There are 4 protein chains.
Amino acid sequence: MSVRTPDPDSGWLSDAELAEIRSRLPLVYVEAIPVRVDGLGRVTEVGMLLRANQAGEISRTFVSGRVMFGETLRDTLFRHLEKDLGPMAFPLLPVSPVPFSVAEFLPWPGVTPFADERQHAVSLAYVVPVTGTCDPRPDVLEVTWMSSADAASDATAAEMEGGRGTLLRQALASVGCL
Amino acid sequence: MSVRTPDPDSGWLSDAELAEIRSRLPLVYVEAIPVRVDGLGRVTEVGMLLRANQAGEISRTFVSGRVMFGETLRDTLFRHLEKDLGPMAFPLLPVSPVPFSVAEFLPWPGVTPFADERQHAVSLAYVVPVTGTCDPRPDVLEVTWMSSADAASDATAAEMEGGRGTLLRQALASVGCL
Amino acid sequence: MSVRTPDPDSGWLSDAELAEIRSRLPLVYVEAIPVRVDGLGRVTEVGMLLRANQAGEISRTFVSGRVMFGETLRDTLFRHLEKDLGPMAFPLLPVSPVPFSVAEFLPWPGVTPFADERQHAVSLAYVVPVTGTCDPRPDVLEVTWMSSADAASDATAAEMEGGRGTLLRQALASVGCL
Amino acid sequence: MSVRTPDPDSGWLSDAELAEIRSRLPLVYVEAIPVRVDGLGRVTEVGMLLRANQAGEISRTFVSGRVMFGETLRDTLFRHLEKDLGPMAFPLLPVSPVPFSVAEFLPWPGVTPFADERQHAVSLAYVVPVTGTCDPRPDVLEVTWMSSADAASDATAAEMEGGRGTLLRQALASVGCL
């Protein structure tokens, strides 16, 4: 990450400060799994972001990001949904603030199903119906939609980073689609 | 209930048959608490039906009704929302089929917070955002909207039938508004 | 089922009456997935009942049964756990009455993940830690315990009746073990 | 807090460092509401800690504390339950890692129901049955138990710090006791 393009998640912290803190404190994150629903609220499709990581590898991920100081979880969710899916996605945020899962990303693998070598993140995960048109930000290659059956497959899980295949299955289970 | 206006909930059962079964088997019901939400998914208002019961007393209640043989819970929810709020209410059914509460209405009071002298009903309760215009059916006097603070008051609870004041508070708690 | 061994679930209904009702009304059921937990509440093993069905085929299932007229869900859960696992199983019933899933068993397959050719059952499903010794009733061949990884496998799902492989995965997802 | 009794929550951070971070990053907390349950899992009593704050005022609170770097939520819950209730409390941690509520404590009041002038804390709240004997740590005056009806009263809510009266009602709602 160059000096000129600061981490959009850095808040009031410099990159160096954030890097220092990341090695010493768990951070609060949100994770949003975008879905399309039919008129009865049934999930018909699951949205994923196709992204190139710093090593140039393509992987699938969800809308995800850090909670800033003083920011409510709803504001965080909305900010990251808008940033990753564009201003015309029209997400319907859940009425209940209780997540379907709490994903504990630890810097070392094997303790929980989730890992993130950069940091310890406690991420509150929500399923979010999206009613508009998605227009992903430049560093996201594409937003792809797949059926819940395809989403639940082992092949899809293998393409997801940090154990998010498990999170995807938990999301599908929570909406009765596993 | 006259011969000409059959119980809309009777399914393939005559009134006499249903009355007989009501004294011997628990029935499956759904309960929907209509709400208005803002752009961040926060509940701003709660909807209630004002209804005259058979004794001519006015009381407050929710959208509620029986699950028919072969009918899915989502179909039941949609059918009762449409019947009680009209075809232009545009309810957003929840993505998760798990209710925020299971209200056990017993024919005798005191065992659970809920009672219904007619029957034993196990009612799955959902909070349902409504985005359109409500046009209640003839036997409903009015759909009234109140703030979540007013909805949580003791005065409102006292006007609700069968212990639904408790259900309302459980609903408010589940959306972070208690 | 002979005249001398009445259906223990028949309540105040004769078998003929229950059979008649089963074709016309949804029934309320509970489903309990017995688990063993460690000192931190993590699920270590999942219990299943090995049972011969009326066709003489062996299949896996959970503790499951009908809610009787006037009976609370907690009483139903306790009654069926005791009946299927014996009086020394010492189950820890959940503090929250909200199920992790509502399984809709319909008499025809394909509408929901669950089917039961005998009836339409709406079944509230709970994960129940068991702390004692299981001593299954005569018509249950065995209570078997398996790791959550084995429980989540396709092979296990294939041995379960009525779509309960899906319910098992939903249960594992709800306890963070999928 | 004197030099000789370091903050037991400070982790690998000095008090000065933690104070600095507290003004710039949200911290992850857990909150545990201890309860007594009967044989059917119904909550019979709710436990609260009576504590003198730094101004010498007595207030009621719950078991609560910070998640350390690299620590799982279950380890955090167990550590704080043992610290606040003693080693013989024998808490039964929940099988599901999903909290009944996420309490957002902000440094300024009015945005959420929760406030903490020291910091922004995102606290995952759980109801935890306790089966043994509570022996609170020295700086806790007492562990008191009250019926759920008393716990739900306005008087109790007024004695709780940081909006935890709301959290208590959400807890009671989640176990069907409001």
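Caption draft 1: Up close: the overall build of chain A. When its secondary structure is counted, chain A shows 5 helices and 8 strands. Listing the helices and strands of chain A from first to last along the sequence gives α-β-β-β-β-α-β-β-β-β-α-α-α. Relative to the 2.2 N^0.38 estimate, which gives 16 Å for 178 residues, the radius of gyration of chain A is 16 Å and therefore close to what a compact globule would have. When the 178 residues of chain A are sorted by exposure, 56% land in the buried category. A sequence separation of at least 24 residues applies to 64% of the contacts in chain A between residues at least 6 apart. For chain A, the exposed area adds up to about 7300 Å²; of that, 56% sits on carbon and sulfur atoms.

Caption draft 2: Representation of the interface of chain A and chain D. Tallying the contact residues gives 34 residues for chain A and 34 residues for chain D. Carbon and sulfur atoms make up 72% of the surface buried where chain A meets chain D, a total of about 2800 Å² over both sides. Broken down residue by residue, the surface that chain A buries against chain D is led by Arg24, Leu25 and Phe69 of chain A, which jointly contribute 26%. The tally of links from chain A across to chain D stands at 2 salt bridges. Residue arginine 24 of chain A pairs with glutamate 17 of chain D through a salt bridge whose shortest N-O separation is 3.0 Å.

Caption draft 3: Highlighting the environment of methionine 146 of chain C. Residue and element names in this part refer to chain C. Its location among the elements puts methionine 146 in strand β8 (residues 140-147). Under the relative-accessibility criterion, methionine 146 is labelled buried at 12%. Between the alpha carbons of methionine 146 and glutamate 161 there is a distance of 17 Å; along the sequence they are 15 residues apart. What methionine 146 contacts, discounting residues up to four positions off in sequence, is Thr44, Glu45, Val46, Met48, Arg60, Ala151 and Thr156.

Caption draft 4: Local environment of the relation of the copies chain B and chain C. Mapping chain B onto chain C calls for a screw motion: a turn of 180° about the axis and a shift of 0.0 Å along it, with 0.0 Å RMSD after fitting. The two molecules are tied by a two-fold rotation axis, judged by turn and shift.

Caption draft 5: Representation of the interface of chain B and chain C in the model. Taken together, the contacts link 34 residues of chain B with 34 residues of chain C. Carbon and sulfur atoms make up 72% of the area that chain B and chain C hide from each other, which totals about 2800 Å². At the boundary of chain B and chain C, one finds 2 salt bridges. Our count for the chain B to chain C interface comes out at 6 residue pairs in polar contact (both at pLDDT 80 or more). Going through the elements one at a time, α1 (15-22), β1 (27-37), β5 (101-106) and β7 (121-129) of chain B are the ones with two or more residues in the side of chain B that touches chain C. With 4 residues, β5 of chain B is the single largest residue contributor to the side of chain B that touches chain C.

Caption draft 6: Local environment of the pattern of salt bridges. Throughout the structure, instances matching the rule amount to 36 salt bridges over all chains. The partner of aspartate 84 of chain B in a salt bridge is arginine 51 of chain B, and the shortest N-O contact between them spans 3.8 Å. Taken together, the positions of aspartate 84 of chain B in helix α2 (residues 73-85) and arginine 51 of chain B in strand β2 (residues 43-52) put the pair 33 residues apart, joining distant regions of the chain. Across this residue pair, the class does not change: aspartate 84 of chain B and arginine 51 of chain B are buried. The closest approach of N and O atoms between arginine 60 of chain D and glutamate 159 of chain D, which form a salt bridge, is 2.5 Å.

Caption draft 7: Highlighting the nonpolar core. Ranked by size, the top nonpolar core spans 58 residues in total, and within it Val46 of chain B together with Val46 of chain C carry the most contacts. Excluding its chain neighbours within four sequence positions, the residues that come into contact with valine 46 of chain B are Ile33, Pro34, Val35, Thr144, Trp145, Met146, Ser148, Ala151, Leu168 and Leu172 of chain B. Membership of the second largest hydrophobic core comes to 56 residues, among which are Val175 of chain A together with Leu18, Phe62 and Leu167 of chain D.

Caption draft 8: Just the pairing of strand β1 (residues 27-37) of chain D, in detail. Residues and elements named next belong to chain D. Within β1, 9 of the 11 residues are buried, which leaves it mostly tucked inside the rest of the structure. Relative to strand β4 (residues 63-66), β1 runs antiparallel, the two sharing 4 bridges. Bridging from a neighbouring strand, tyrosine 29 pairs with arginine 66 of β4. Summarising the sheet, β1 and strand β2 (residues 43-52) pair through 3 bridges and their orientation is antiparallel. Bridging from a neighbouring strand, valine 37 pairs with valine 43 of β2. Between β1 and β2, which follow one another and run antiparallel, lie 5 residues, and glycine 41 among them has a positive phi close to 85°.

Caption draft 9: Local environment of the relation of the copies chain A and chain D. The two copies are related by a screw operation: chain A maps onto chain D through 180° of rotation and 0.0 Å of translation along the axis, at an RMSD of 0.0 Å. Looking at the interface residues of chain A, 100% of them are also at the interface in chain D, so both copies use one shared face.

Caption draft 10: Main features of the state of the cysteines. Throughout the structure, instances matching the rule amount to 0 disulfides over all chains. Not engaged in a disulfide, the cysteine cysteine 134 of chain C finds its nearest cysteine sulfur in cysteine 177 of chain C; these two sulfurs lie 18 Å apart.

Caption draft 11: Spatial organisation of the side chain of arginine 74 of chain C. Here arginine 74 of chain C shows up in helix α2 (residues 73-85). One buried charged residue, arginine 74 of chain C, forms no salt bridge at all, with the nearest opposite charge on aspartate 38 of chain D at 6.3 Å. In terms of polar contacts, arginine 74 of chain C uses its side chain to reach the backbone carbonyl oxygen of proline 94 of chain C, at 2.8 Å. Within the structure, arginine 74 of chain C has its side chain in polar contact with the backbone oxygen of leucine 40 of chain D (distance 2.7 Å). With residues near it in sequence (within four places) discarded, arginine 74 of chain C still touches Leu93, Pro94, Val95, Ser96 and Pro97 of chain C together with Leu40, Gly41 and Arg42 of chain D.

Caption draft 12: Structural context of the packing of aromatic side chains. On inspection of all chains with the given rule, the structure shows 8 aromatic pairs over all chains. Plain terms: the ring middles of phenylalanine 105 of chain A and phenylalanine 114 of chain A are 5.3 Å apart, the flat faces sit at 50° to each other, and that makes the pair tilted. Look at phenylalanine 105 of chain A and you get buried, because its relative accessible area is 2%. Judged by relative accessible area, which is 3%, phenylalanine 114 of chain A ranks as buried. Seen in terms of ring centroids, tryptophan 108 of chain A and phenylalanine 69 of chain D are 6.1 Å apart; in terms of plane orientation they differ by 85°. Their pairing is edge-to-face. Residue tryptophan 108 of chain A is located in the loop between β5 (101-106) and β6 (114-115), and its partner phenylalanine 69 of chain D is located in the loop between β4 and α2 (73-85); the two belong to separate chains.

Caption draft 13: Representation of the side chain of arginine 22 of chain D. Residue and element names in this part refer to chain D. With respect to the element layout, arginine 22 can be found in helix α1 (residues 15-22). Judged by its relative accessible area of 12%, arginine 22 falls in the buried class. Looking at arginine 22, its side chain comes within polar contact range of the side chain of tyrosine 29, at 3.1 Å.

Caption draft 14: Quick peek at the confidence of the model for chain A. Residues and elements named next belong to chain A. For chain A, per-residue confidence averages 90 on the pLDDT scale, and 93% of positions sit at 70 or higher. Every residue in residues 1-10 is under pLDDT 50, and counting partners more than four places away or in other chains gives 15 contacts. Interface confidence in the predicted complex, given as ipTM, is 0.90; pTM for the same model is 0.93.

Caption draft 15: Local environment of helix α5 (residues 164-174) of chain D. All names here are of chain D. α5 sits mainly inside the fold: 9 of its 11 residues count as buried. Listing the buried residues of α5 in full gives Arg164, Gly165, Thr166, Leu167, Leu168, Gln170, Ala171, Leu172 and Ala173. Note on α5: the residue one or two positions beyond its end, glycine 176, has a positive phi of about 75°.

What counts as what
Residues numbered from 1 in each chain as written. Chains lettered and ligands numbered in written order. Predicted model: local features only at pLDDT ≥ 70, side-chain atom pairs only at ≥ 80, totals over all residues. Heavy atoms only, no water. Helix = DSSP H or I, 4+ residues; strand = E, 2+ residues; numbered from the N terminus. Rg over C-alpha atoms; globule rule 2.2 N^0.38 Å. Buried < 20%, exposed > 50% of the residue type's maximum accessible area, 1.4 Å probe, protein only. Contact = heavy atoms within 4.5 Å. Areas by Shrake-Rupley, 256 points an atom, 1.4 Å probe, with all protein chains shown as cover. Buried area = accessible area lost by both parts, 1.4 Å probe. Salt bridge = Lys/Arg side-chain N within 4 Å of Asp/Glu carboxyl O. Least-squares fit on C-alpha atoms with pLDDT ≥ 70 in both. Polar contact = N/O pair within 3.5 Å; in protein donor to acceptor, adjacent residues only side chain to side chain. Core = buried A, V, L, I, M, F, W, Y, C linked by side-chain atoms within 4.5 Å. Pairing = 2+ DSSP bridges. Disulfide = S-S within 2.5 Å. Lys, Arg positive; Asp, Glu negative; His and termini not counted. Phe/Tyr/Trp six-rings, centres within 6.5 Å; stacked < 30°, edge-to-face > 60°. pLDDT = per-residue confidence, 0-100.

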